Amino acid sequence: MQRAWEDESFKQELLSNPKAVYARESGEETPKNLEIEVIQETANKVYLVLPNNPAPSGYEEELSEEALETVAGGACRFLTRPIECILLTRIRNANDLA
């Protein structure tokens, strides 16, 4: 995140209270049971996030129009890296299900 690189106080707030920062910056409420964790990569360590499997193994069904609309949405208002957009889209989708 560009802003976290440039603004140390924003970075510290993001690390200590990511849910509040996400809600404020995106303008969206987050469900009480949703956890958001910020992990800072280093030059020698990269994190890959395995998304939650939305259906049990072997379960196949077409998505409804509403589900397709949810998947088509994005939540990349204040982020600059594509992986962050993917992660926040998943958070937004979780909000829609709550």
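Residues numbered from 1 in each chain as written. Predicted model: local features only at pLDDT ≥ 70, side-chain atom pairs only at ≥ 80, totals over all residues. Heavy atoms only, no water.

1. Overview of the overall build of the protein chain
Along the protein chain, the regular secondary structure elements total 5 helices and 0 strands. Listed N to C, the secondary structure of the protein chain is α-α-α-α-α in terms of helices and strands. Across the 98 residues in the protein chain, those meeting the buried criterion constitute 26%. Split by element, the accessible area of the protein chain, about 7,700 Å² in all, is 52% carbon and sulfur. (Helix = DSSP H or I, 4+ residues; strand = E, 2+ residues; numbered from the N terminus. Buried < 20%, exposed > 50% of the residue type's maximum accessible area, 1.4 Å probe, protein only. Areas by Shrake-Rupley, 256 points an atom, 1.4 Å probe, with all protein chains shown as cover.)

2. Observations regarding the environment of Y22
Within the secondary structure, Y22 sits in helix α3 (residues 18-26). Separated by 14 residues in the primary sequence, Y22 and I36 place their C-alpha atoms 8.6 Å from one another.

3. Quick word on the nonpolar core
A general trend in soluble globular proteins is that nonpolar side chains are found buried together. Among the nonpolar cores identified, the biggest contains 5 residues, and these are M1, A4, F10, L14 and V21. Not counting the four nearest positions on each side in its chain, L14 is found in contact with M1, V21 and V38. (Core = buried A, V, L, I, M, F, W, Y, C linked by side-chain atoms within 4.5 Å. Contact = heavy atoms within 4.5 Å.)

4. Section: the side chain of E28
Among the secondary structure elements, E28 is positioned in the loop between α3 and α4 (65-72). Given a relative accessible area of 15%, E28 falls into the buried group. Here the side chain of E28 touches Y22 through a polar contact of 3.4 Å, side chain to side chain. (Polar contact = N/O pair within 3.5 Å; in protein donor to acceptor, adjacent residues only side chain to side chain.)

5. Quick look at the confidence of the model for the protein chain
Overall, the predicted model of the protein chain reaches an average pLDDT of 75, with 58% of residues at or above 70. Taken element by element, the protein chain is modelled with least confidence in helix α5 (residues 82-97), mean pLDDT 52, and with most confidence in helix α2 (residues 8-16), mean pLDDT 94. Counted against residues more than four places away or in other chains, residues 75-83, with its pLDDT under 50, gives 20 contacts. (pLDDT = per-residue confidence, 0-100.)

6. Details of the packing of aromatic side chains
Counted under the stated rule, the structure contains 0 aromatic pairs. Of note, R3 hangs over the ring of F10, and the distance from its end group to the ring centre comes to 4.0 Å. (Phe/Tyr/Trp six-rings, centres within 6.5 Å; stacked < 30°, edge-to-face > 60°. Lys NZ or Arg CZ within 6 Å of the ring centre and 35° of its normal.)

7. Focus on α3
Since the α-helix packs 3.6 residues into each turn, any two residues three or four apart lie on the same face. Among all positions in α3, only P18, V21, Y22 and S26 are buried. For α3, the angular spread of buried residues about the axis comes to 110°, placing them on one side. Positive phi appears at G27, one or two residues downstream of α3, with a value of about 75°. (Arc of directions from axis to C-beta.)

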